[in-house]
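# Topology and contacts: notes
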There are 2 protein chains.
Amino acid sequence: MKLVVRNGEARRASRPGASRSSGLNGGLPLDSILQGDCIAELSRLPAHSVDLVFADPPYNLQLQGELKRPDDSRVDAVDDAWDKFESFQAYDAFTRAWLLAVRRVLKPTGTLWVIGSYHNIFRVGAMLQDLDFWILNDIVWRKTNPMPNFRGRRFTNAHETLIWAARDPGGKGYTFNYEAMKAANEDVQMRSDWLFPICSGHERLKDDDGHKVHPTQKPEALIARILLASSKPGDVVLDPFLGSGTTAAVAKRLGRHFVGIERDSTYAEAARARIDAVQPLPDAALASAPSAREAPRIAFASLIERGLIAPGTMLTDAKSRYRALVRADGTLSLETAPGLGTVGSIHRAGALAQGLDACNGWTFWHLETGEGLRPIDSLRAVVRSEMAMAAE
Amino acid sequence: MKLVVRNGEARRASRPGASRSSGLNGGLPLDSILQGDCIAELSRLPAHSVDLVFADPPYNLQLQGELKRPDDSRVDAVDDAWDKFESFQAYDAFTRAWLLAVRRVLKPTGTLWVIGSYHNIFRVGAMLQDLDFWILNDIVWRKTNPMPNFRGRRFTNAHETLIWAARDPGGKGYTFNYEAMKAANEDVQMRSDWLFPICSGHERLKDDDGHKVHPTQKPEALIARILLASSKPGDVVLDPFLGSGTTAAVAKRLGRHFVGIERDSTYAEAARARIDAVQPLPDAALASAPSAREAPRIAFASLIERGLIAPGTMLTDAKSRYRALVRADGTLSLETAPGLGTVGSIHRAGALAQGLDACNGWTFWHLETGEGLRPIDSLRAVVRSEMAMAAE
DNA sequence: CCCTATTTTGAATCCTTTG
DNA sequence: ACAAAGGATTCAAAATAGG
């Protein structure tokens, strides 16, 4: 029997536009929790319908009896039935099954995130590769406050590993919000090692007796970085092992749709209540950092058509080593190098001038103005802002 | 044909006592490089004779085409034949074969370290588990200066992964120098995430043309931490993929025996010359740190790891009344006071020397430089600024 | 010699759209 | 499908060059 727990808040919070509304979407039950076995539930969903999967599968911890702290108190370890497997073979078969099911529901441009520890992550990673997923990064979550090693027989296990993979070999077309990640990291590229505290305090779900609802609840900050890095507002995020609902709660807050699958009714119920209480961020707070890649393309010729630059104008590079003449059709003619191959696009001409294979002509070529040399890219910016004004 | 390259310096530097002398030891060719295929060479060695294996196998990078930097310069990729495999299956078969061969030569109490990237480490880790090795930790080497992601399509790949495993399930009896690691880490447990620069500068081996001898030479600081953490002086350290000889050079410096296996004659020859030039540290610099639970906080070891101060260096106070020897694990050994309790952190050693209860070792101990005595605190400032740069 | 500016380089699975 | 073209993209540290 399938129980679909719809989230009322998610519906109320939905914004206009088909891509942002909740509910059934081509057979995909948006913004809801499917209670049941993840492989069975995944197989009911339409193929190629999900943008991002985040999976926190059982770690298969294989703990050897109970662990005590130096003061003889007992460590509350993960000993739930769902984390037990008879053998590595059994764990591999389970991993293979859910990965294949995930693969089917993923869009061709979709990506998968999996988190694990050394107990299981090597098996998951190898299986991913065997199934022709394409690893994009492995990410290390460094914990600011890990559990110490009580016996003093190993290094403090202070991290967990995430794998980020595209659905298909050579994966192209996936979402990576490079500029946003860079901006969030002091304007240098975001690295593969992330630092976050473990989930505790108010964020940690507790039952009426004050016991933690789920033994391995992940911090929202970790999931938020994942969604902000590799999905867009309105995307569909699926979590096949929803647990306490962190993925869904963060997805809702960040204006992404979610589909959660959870077998355990206690977890599913706690997740539903948690998600209902989430207030989505306003659109303005979700606007992504401007991406040069996604900006509309402008043909150099259109600058001429708009009168921003006249045919016959001479362009130079920043150090005035090369010169090129602007022609009426939007091509450049190199002044210095005579003969064939001296005419071409701004990019081709820049490459030819320097003897390189490639060149971004927008930033290479400059125009003499009253205030000195300026890159022709500044003219492109003028066109883009004019287009933006006209569109409103 | 087997060529055994014996290292003369290693013989001359050897100390009295069977466990520290070089040469054939029950069939184990100590302190030498075996030139040949690692599986063939391993199978010739006596079983259960090695304490520690460090392995840096081919990563199977599977690079697609050439990559250029934004300035159009070409990235010098690892495209050597030894890194190419036909398929994951072929790589797995190779991995299985060398792991089994390593397993045979390891003592029952021996441990194995393997380093890799996401291209291969998941397969290595899964195979380790399949072969009944027992994973103790996975360790993340965070690079202070990784190569950036030039196309802005992924997170900067800023780390590599190491797996530390015992030979047998439930592994017992292995060496872990807990106290030394803790003392080297500001008196808190050493974590599973380590920060080191990549190998460059003077440490990087270059040929007569100034080209790097080996494309993937590892930093000595990384190997030193491994040997200091998980081996004892006099132990036998084996590297089945010796390459430029980092493992052997560090082992010799730290008073461990080494056995290196390398197929490529150019690499083997470069390694031999490198190892010959290594001066082993004096015994006094190697004795293990005392198990003092309440040792004072120090970060002194990081100066050693970063090469700002060499093990074996003599420190004095500002008026040159007391002297102490710097040891590889970051502790000091007082020269004047014989007997027990003369080894400890820089603070403890300073207090002991003066007969006081406490002492700030950073300002007490000085280093002779060309410009006179300088407090070691001036070196800490260097590390602090580096760490501040690397921290998030 | 020093100080500053520029160039080089490192285990990398590194693009997208149009025709 | 494939080929061609547009045009977007780098951080830390060491080595080298210039003043």
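How each quantity is defined
Residues numbered from 1 in each chain as written. Chains lettered and ligands numbered in written order. Predicted model: local features only at pLDDT ≥ 70, side-chain atom pairs only at ≥ 80, totals over all residues. Heavy atoms only, no water. UniProt positions renumbered as here; feature names shortened; annotations may be inferred. Near = heavy atom within 4 Å. Polar contact = N/O pair within 3.5 Å; in protein donor to acceptor, adjacent residues only side chain to side chain. Helix = DSSP H or I, 4+ residues; strand = E, 2+ residues; numbered from the N terminus. Nonpolar A, V, L, I, M, F, W, Y, C, P; charged D, E, K, R; others polar. Axes fitted to C-alpha atoms, helices over the stretch in contact; angles between N-to-C directions. Parallel < 35°, antiparallel > 145°, perpendicular 65-115°, else oblique. Left-handed = near helix turned anticlockwise from the far one by under 90°. Contact = heavy atoms within 4.5 Å. Pairing = 2+ DSSP bridges. Salt bridge = Lys/Arg side-chain N within 4 Å of Asp/Glu carboxyl O. Buried < 20%, exposed > 50% of the residue type's maximum accessible area, 1.4 Å probe, protein only. Buried area = accessible area lost by both parts, 1.4 Å probe. Phe/Tyr/Trp six-rings, centres within 6.5 Å; stacked < 30°, edge-to-face > 60°. Lys NZ or Arg CZ within 6 Å of the ring centre and 35° of its normal. Domains from an automatic or database assignment.

Looking at an unreviewed UniProt entry, one finds chain A named Methyltransferase and attributed to Ancylobacter pratisalsi. What the UniProt record of chain A gives under Sequence similarities (unreviewed entry) is the line "Belongs to the N(4)/N(6)-methyltransferase family." Taken verbatim from the UniProt record of chain A, the Catalytic activity (unreviewed entry) comment is "a 2'-deoxyadenosine in DNA + S-adenosyl-L-methionine = an N(6)-methyl-2'-deoxyadenosine in DNA + S-adenosyl-L-homocysteine + H(+)".

## Notes on the protein's contact with DNA strand D
Residues and elements named next belong to chain A. For DNA strand D, the set of nearby residues contains 27 residues, the closest of which are Tyr178, Lys182, Gln189, His347 and Arg380. For DNA strand D, the fraction of atoms within 4 Å of the protein that belong to sugar or phosphate moieties is 61%. The contact in question runs from a phosphate oxygen of DNA strand D to an N or O atom on the side chain of Tyr178, over 2.7 Å. In this structure, a phosphate oxygen belonging to DNA strand D sits 2.7 Å away from a side-chain N or O atom of Arg380. Residue contributions to the surface near DNA strand D peak at three residues, all from helix 5 (residues 178–183). When the residues that make up the surface near DNA strand D are grouped by side-chain class, the tally is eleven nonpolar, nine polar and seven charged.

## Observations concerning the packing of helix 6 (residues 220–230) of chain B against helix 7 (residues 246–253) of chain B
Residues and elements named next belong to chain B. Two elements in contact, helix 6 and helix 7, have axes whose closest approach is 9 Å; the angle formed by their N-to-C orientations is 55°. Viewed along their axes, helix 6 and helix 7 adopt a mutual orientation that is oblique. For the element pair helix 6 and helix 7, the recorded crossing hand is right-handed. Along its contact with helix 6, which presents Glu220, Ile223, Ala224 and Leu227, the element helix 7 presents Thr246, Thr247, Ala249, Val250, Ala251 and Arg253.

## Here we look at the protein's contact with DNA strand C
Residues and elements named next belong to chain B. Lining the immediate surroundings of DNA strand C are 42 residues, of which Gln62, Arg69, Tyr118, Arg151 and Lys212 lie closest. The sugar-phosphate share of atoms of DNA strand C within 4 Å of the protein amounts to 47%. In this structure, a base nitrogen belonging to DNA strand C sits 2.6 Å away from a side-chain N or O atom of Arg69. Between DNA strand C and the protein, one listed contact pairs a base oxygen with a side-chain N or O atom of Arg154 at 3.2 Å. Its residues assigned to classes, the surface near DNA strand C shows 19 nonpolar, nine polar and 14 charged.

## Describing the sheet that holds strand 12 (residues 314–316) of chain B
All names here are of chain B. Here we have six strands laid out as an open sheet, ordered 15-14-13-12-16-17, and antiparallel in their pairing. Looking at strand neighbours, the two that pair on one side only are strand 15 (343–344) and strand 17 (372–375), the edges of this open sheet. In this sheet, strand 14 (residues 332–334) lies alongside strand 13 (residues 323–326) in antiparallel orientation, the contact comprising three bridges. Across the sheet, the residue bridging to Ala324 is Leu334, located in strand 14. Along the sheet, helix 10 (residues 346–354) makes contact with strand 14 and strand 15, crossing strand 14 at roughly 10°.

## Re the pattern of salt bridges
All names here are of chain A. The final tally for this structure, using the stated rule, is 40 salt bridges over all chains. Of the charged contacts in the structure, one is a salt bridge between Asp92 and Arg123, with a shortest N-O distance of 2.8 Å. Residue Asp92 is located in helix 3 (residues 88–105), and its partner Arg123 is located in helix 4 (residues 121–130); the two are separated by 31 residues in the primary sequence. Just as Asp92 is buried, Arg123 falls in that class too.

## Some points on the interface of chain B and chain A
How big an interface is tends to be stated in terms of the accessible area lost upon association of its parts. On the chain A side, the residues contacting the 53 residues of chain B number 53 residues. Carbon and sulfur atoms supply 48% of the area buried between chain B and chain A, which totals about 5,000 Å² over both sides. If you sort the residues of chain B by the area they bury against chain A, Phe122, Arg153 and Phe155 of chain B come out on top, with a joint share of 18%. Applying the counting rule to chain B against chain A returns five salt bridges. Here Arg123 of chain A ties to Asp130 of chain B by a salt bridge, and the two come within 2.6 Å at their closest N and O atoms. Inspection of the region where chain B meets chain A yields 35 residue pairs in polar contact (both at pLDDT 80 or more). At nine residues, the largest contribution of residues to the side of chain B that touches chain A is made by strand 7 (residues 134–143) of chain B.

## Here we look at the side chain of Thr316 of chain A
All names here are of chain A. Note that Thr316 resides in strand 12 (residues 314–316). For Thr316, a relative accessible area of 11% corresponds to the buried category. When residues no more than four places from it in sequence are discounted, the contact partners of Thr316 are Tyr322, Arg323, Phe364, Trp365, His366 and Leu373.

## A look at the environment of Asp317 of chain B
Residues and elements named next belong to chain B. Tracing the chain through its elements places Asp317 in the loop between strand 12 and strand 13. Given the relative accessible area of 2%, Asp317 is considered buried. A C-alpha to C-alpha distance of 61 Å links Asp317 and Gln89, two positions 228 residues apart in sequence. The residues contacting Asp317, other than those within four sequence positions of it, are Tyr322, Phe364, Trp365, His366 and Leu373. At 2.6 Å, the side chain of Asp317 and the backbone nitrogen of Arg321 are in polar contact. There is a polar contact of 2.8 Å between the side chain of Asp317 and the backbone nitrogen of Tyr322.

## Looking at the packing of aromatic side chains
Throughout the structure, instances matching the rule amount to 36 aromatic pairs over all chains. Centroid distance Phe85 of chain A to Phe94 of chain A: 5.2 Å. Interplanar angle 40°. Geometry classified as tilted. One aromatic cluster is present, built from ring pairs that chain together Trp113, Trp164, Tyr174, Phe176, Tyr178, Trp194 and Phe196 of chain A together with Phe155 of chain B. Residue placement shows Lys143 of chain A over the ring face of Trp141 of chain A; its charged tip is 5.0 Å from the ring centre.

## As for the domain arrangement of chain A
In terms of domain boundaries, chain A breaks down into domain 1 (32–64 + 75–285) and domain 2 (300–390). Placing a centre on the C-alpha atoms of domain 1 of chain A and another on those of domain 2 of chain A gives a separation of 47 Å.

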